[in-house]
Amino acid sequence: SLDFSESRPTELSDIFISVKTTKRYHKLRVELLLSTWARLAKDETYFFTDTDDKELENKTRGHVINTNCSAVHSRMALCCKMSVEYDYFIASRKRWFCHVDDDTYINIPELSRLLKKFNHTEDWYLGKPSLTHPLEISDPEHKGQKVAFWFATGGAGMCISRSLALKMMPYTAGGRLQSVCATVRLPDDCSIGFIIYNYLKKELTVISQFHSHLEGLWLLKPENMDQQITLSYSVKQTPILGRSNVIHLSTGFEVEKDPTSTYLNFQGSMQRMLPLAIASCQITLSYNRPDSGKLKNIVHVSGGFSEQDDPTRFRSIHCQLFPYLEGCPRAAHT
Ligand code: UDP
Ligand code: MN
């Protein structure tokens, strides 16, 4: 018999939006989300952090979860957080688990529209890889063999249907994700991809409208902004390392990552981790300002706030999508 409640179209309220953050980013990053997209999904959005913060709790009406995971950018600390995010989703009974980092902009209406197209009672793993090839690792169960799989980069956002999430329980629930992370020695997003591919034999469905700062965000056309689902930024102010090698220049902002962190050390090879868009180094260069000695990867918005007032571009993006919101520049209305 057909369960009507299961067959009605998916709505925003069916989505569990989980944002990974850490105490030092509550002011720097989370506030920006609260003043932009998260306003449009107040009931659906939860912040997973590593400390108590009464002020943030009040602002989000209690949607802050202290995971008690350690506040470092290490593989195990991040896996710990993801495992708590997952457990909360399971407890929420929602149809979709969507995870983002705290430097992600979510186009809320487009996310709802996307998830209407997929049946949450089927197995779906939606996201965007940042590698140009499947990730290959030693198979932890079969010595001497390799296993290669695509994974959704956490920073671009990823959505998992309830059906698939329930099947992941034996490998993910109650902290078991951390054992997988430790065994395969991969960051949380890769480990999720590994569980889905290796244990459940499901594939990633690529959503091209998801975007992390591992791709060239300046390549997105401002007139297509309303079709994008996630956006990000990287405004790390890193010195230019040299002048002769264009590739090194254009990847400067990723090279500076914490060496104990996610992407750089498990492969050992930086070159293999380069995002596709970085190949277009001439375009990158045209946006560098060598005189300032800084590099950043941000979305180009037509109009909006100045880069000084809105360095991440999120406020400008938000006003471009919703021009009539209070506080948007008048020019955005025309
Ligand atoms: N993060 C964290 N603990 C830390 C550092 C970062 O939970 O000690 C979170 C951060 O809030 C973000 C994600 O991990 O949601 C990725 O961090 P970031 O954007 O700084 O680094 P990336 O890996 O994107 O270069
Ligand atoms: Mn990031």
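Heads up: the structure comes first, above all this text.
Since the model is a prediction, treat every value here as computed from it, not as a measurement.

Draft legend 1. Looking closely at the pairing of strand S1 (residues 15–20). In terms of burial, S1 is a largely internal element, 6 of the 6 residues being buried. Residue alternation in S1 divides its side chains into two sets, Ile15, Ile17 and Val19 and Phe16, Ser18 and Lys20, and both sets are buried. The β-α-β motif built from S1, the intervening helix H2 (residues 26–34) and the parallel element strand S2 (residues 45–49) has right-handed crossover chirality.

Draft legend 2. Examining the state of the cysteines more closely. The final tally for this structure, using the stated rule, is 4 disulfides. Here Cys79 connects covalently by a disulfide to Cys181, the sulfurs 2.0 Å from one another. Sign of the S-S torsion, about -90° for the bond between Cys79 and Cys181, identifies this disulfide as left-handed. Here Cys181 lies in helix H8 (residues 176–184) and Cys79 lies in helix H4 (residues 75–92), a separation of 102 residues in the sequence. Residue pairing for Cys319: its cysteine sulfur links by disulfide to Cys328, the two sulfurs lying 2.1 Å apart.

Draft legend 3. Geometry of the coordination of the manganese ion (ligand 2). All of the protein donors around the manganese ion (ligand 2) are Asp103 (OD) and His213 (NE2); their distances to the metal are 2.0 to 2.3 Å. Of this pair, Asp103 sits in the loop between strand S4 (96–101) and strand S5 (104–106) while His213 sits in the loop between strand S10 (205–206) and strand S11 (230–232), and the two are 110 residues apart along the sequence.

Draft legend 4. Focus on the pattern of salt bridges. Scanning the model with the defined rule gives 17 salt bridges in all. Salt-bridge contacts for Asp50 lead to Lys81; the nearest nitrogen and oxygen are separated by 2.8 Å. Of this pair, Asp50 sits in the loop between S2 and helix H3 (54–59) while Lys81 sits in helix H4, and the two are 31 residues apart along the sequence. Among the residues examined, Asp50 registers a relative accessible area of 10% and is labelled buried. Lys81 gets classed as buried once you look at its relative accessible area, which sits at 2%. Between Glu55 and Lys59 there is a salt bridge, with its nearest N and O atoms 3.2 Å apart. Of this pair, Glu55 and Lys59 are both found in helix H3, 4 residues apart, which corresponds to roughly one turn of the helix. Using a relative accessible area of 41% as the deciding quantity, one classes Glu55 as partly exposed. By sharing partners, the salt bridges in this structure join Lys27, Glu31, Glu55 and Lys59 into a single network.

Reading the values: rules and limits
Residues numbered from 1 in each chain as written. Chains lettered and ligands numbered in written order. Predicted model: local features only at pLDDT ≥ 70, side-chain atom pairs only at ≥ 80, totals over all residues. Heavy atoms only, no water. Buried < 20%, exposed > 50% of the residue type's maximum accessible area, 1.4 Å probe, protein only. Helix = DSSP H or I, 4+ residues; strand = E, 2+ residues; numbered from the N terminus. Right-handed = clockwise from strand over helix to strand, strands pointing away. Disulfide = S-S within 2.5 Å. Donors = N, O, S within 2.8 Å, 3.2 Å for Na, K, Ca; no water. Salt bridge = Lys/Arg side-chain N within 4 Å of Asp/Glu carboxyl O.

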